[in-house]
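Chains, contacts and geometry: an overview
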Amino acid sequence: MWKLKKRGIALLITVLFVMAITVAIGIGLKQVKEASWHVENENFMLQTSTTLDDVLNILKTSKELDTIVQQKSSEGFFAFLSSVSFIPFENSGMKVSIKISSARKKFNPNSLIENNNTINHETTNALTQYMTTNNVRSEYISILLDAMGGIKEDMSYNSGIFHEKPSLFREYITSSKHLREVNNFYMQSYHDNSLKNIDFENLFYFTKDKSSKIDLNYATPPTWQMMLGCDTSRAKQLTLGGGAYKLLENLNLSSEEKKALSRFKTSYFEPYLDVVVEITQNSQNAKIKFEYDISTKKGSNFVYEI
């Protein structure tokens, strides 16, 4: 009987010992897996940073870009953008794509409020009209102005957005993600999904430089529609001459269209690039957007999505 008990105790100790080893190994494997993930993640971050540095270095040392700036050549700028609009490549299992376009082809909503903190009523009215045409209530513009009008000590905001989102940045619209928060507030407050019909991706470009101009050689169809109040077909027609515009007369605008366009800050040569770098390796993805000033050879407005 005693021998049976001893065997039973020995068996129980063995089972407990095996369970302890199993748990220990399980914890160890989990820690190894986590450590491996951290190493892999850090390696990916390092490679992402290196890739970004390489892209910036290529832009800074480009003789072609130097010539474009020196000659202020709109034709050369157009030829450059046409040849480098999309560059894909792969290296050691890492897939990289680089998209380069004009950083002044869309409207900067932050320019609705001037540097002296006053509202630019002409451009605000144009945007309001564009939104109204697309069935968006005028209250949306009020919310948008709140999001870029700075902190008001007397709380004299046009909407209740900061009651619901007190930590929301309010000096200027920083990115598409920031705009989505503004848009979601509008849609939830007014139970209105009409904003989903607006092509914000091709209408708005975000920079805190409120004096930025729209390069008419690259203006997108939604931007033309907003500026002139024209229909889609007319807007697309105006984009066909991109790269050849040097004077207002080149656009063949009607007197009404010229008057509408005069409300905006426009140009025919704006040497700024909108650069998007997308990196994929295994299950990891990174997207980096930034603006590159060809004249000063500096990048700005960096937005990371990792």
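Since the structure is predicted, the reported quantities are computational estimates derived from the model, not experimental observations. (Residues numbered from 1 in each chain as written. Predicted model: local features only at pLDDT ≥ 70, side-chain atom pairs only at ≥ 80, totals over all residues. Heavy atoms only, no water.)

Re the packing of aromatic side chains
The final tally for this structure, using the stated rule, is 14 aromatic pairs. Measuring from ring centre to ring centre gives 6.2 Å for Phe78 and Tyr218, while their planes differ by 25°; the resulting arrangement is stacked. Of this pair, Phe78 sits in helix α3 (residues 74-84) while Tyr218 sits in the loop between β3 (214-215) and α9 (221-228), and the two are 140 residues apart along the sequence. On the basis of relative accessible area, Phe78 is assigned to the partly exposed category, the value being 34%. Its relative accessible area of 15% is what places Tyr218 among the buried residues. (Phe/Tyr/Trp six-rings, centres within 6.5 Å; stacked < 30°, edge-to-face > 60°. Helix = DSSP H or I, 4+ residues; strand = E, 2+ residues; numbered from the N terminus. Buried < 20%, exposed > 50% of the residue type's maximum accessible area, 1.4 Å probe, protein only.)

What to know about the packing of α9 against helix α10 (residues 232-239)
Angle between the axes and distance between the axes: these two values describe a pair of packed helices. Between α9 and α10, whose axes approach to 8 Å, the crossing angle comes to 115°. In terms of crossing hand, the pair formed by α9 and α10 is right-handed. Here Pro221, Trp224, Gln225 and Leu228 of α9 lie close against α10, whose contacting residues are Thr232, Ala235, Lys236, Leu238 and Thr239. Of the residues belonging to the contact of α9 with α10, the class tally is five nonpolar, three polar and one charged. (Axes fitted to C-alpha atoms, helices over the stretch in contact; angles between N-to-C directions. Left-handed = near helix turned anticlockwise from the far one by under 90°. Contact = heavy atoms within 4.5 Å. Nonpolar A, V, L, I, M, F, W, Y, C, P; charged D, E, K, R; others polar.)

A few points about the pairing of strand β1 (residues 86-91)
With zero of six residues buried, β1 is to be regarded as a mostly surface element. Looking at chain direction, β1 and strand β2 (residues 94-102) are connected through six bridges and run antiparallel. Across the sheet, Ile87 pairs through a bridge with Ile98, a residue of β2. Count of turn residues in the β1/β2 antiparallel hairpin: two residues, of which Ser92 carries a positive phi of about 55°. (Pairing = 2+ DSSP bridges.)

Regarding a nonpolar patch on the surface
Taken together, the side chains of Met45, Phe302, Tyr304 and Ile306 present a nonpolar region at the surface, about 400 Å² in accessible area. For Tyr304, the location among the structural elements is in strand β7 (residues 298-305). Overall, the relative accessible area of 48% leaves Tyr304 in the partly exposed class. (Patch = residues over 30% accessible without salt bridge, like charges linked within 9 Å, V, L, I, M, F, W, Y side chains within 5 Å. Areas by Shrake-Rupley, 256 points an atom, 1.4 Å probe, with all protein chains shown as cover. Salt bridge = Lys/Arg side-chain N within 4 Å of Asp/Glu carboxyl O.)

Things to note about the sheet that holds β2
In a beta sheet, neighbouring strands pair by backbone hydrogen bonds and run either parallel or antiparallel. Pairing within the open sheet is antiparallel, and its five strands lie in the order β1-β2-β5-β6-β7. Strands at the two margins of the open sheet, each flanked by one partner only, are β1 and β7. In this sheet, neighbouring strand axes are inclined to one another by 15° on average, regardless of whether the strands run parallel or antiparallel. In the sheet, β2 pairs with strand β5 (residues 272-281) via eight bridges, with the strands oriented antiparallel. Directly across from Ser101, in β5, lies its bridge partner Asp274. Where α3 meets the sheet, it contacts β1, β2 and β5, and its direction lies at approximately 155° from that of β2.

Quick look at α9
In an α-helix, one turn spans 3.6 residues; hence positions three or four apart end up facing the same way. Extensive coverage of α9 is indicated by the burial of seven of its eight residues. Taken as a whole, α9 has its buried residues at Pro222, Thr223, Trp224, Gln225, Met226, Met227 and Leu228. Remark: Gly229 follows α9 within two positions and exhibits a positive phi of approximately 70°.

A few points about the environment of Phe269
Mapping Phe269 onto the fold places it in the loop between β4 (266-267) and β5. Look at Phe269 and you get buried, because its relative accessible area is 17%. As for Phe269 and Val69, which are separated by 200 residues in sequence, their C-alpha atoms are 9.7 Å apart. Leaving out residues up to four positions away in the same chain, Phe269 has contacts with Ile68, Lys72, Ser73, Ser74, Phe77 and Asp215.

Some thoughts on the nonpolar core
Ranked by internal contacts, the top residues of the largest apolar core, which has 47 residues, are Met131, Tyr140, Leu144, Phe204 and Trp224. Broken down by secondary-structure element, the contributors of at least two residues to this core are α4 (121-133), α5 (139-146), α6 (161-164), α7 (176-190), α8 (200-203), α9, α10 and α11 (255-261). Membership of the second largest hydrophobic core comes to 26 residues, among which are Leu56, Phe269, Ala286 and Ile288. (Core = buried A, V, L, I, M, F, W, Y, C linked by side-chain atoms within 4.5 Å.)

Quick look at the side chain of Ser175
Structurally, Ser175 can be placed in the loop between α6 and α7. If we skip the residues at most four places from it in the chain, Ser175 touches Phe206 and Val303.

Focus: the pattern of salt bridges
By the definition in use, this model includes eight salt bridges. The salt bridge involving Arg137 is made with Glu139; its shortest N-O contact spans 3.4 Å. Classification of Glu139 as partly exposed rests on a relative accessible area of 27%.

Digging into unusual backbone geometry
Even without glycine at this site, Asn135 takes up a positive phi of about 65°. Turning to its location among the elements, Asn135 is positioned in the loop between α4 and α5. Phi at Met155 takes a positive value of approximately 60°, unusual for a residue other than glycine. Assignment of secondary structure puts Met155 in the loop between α5 and α6.

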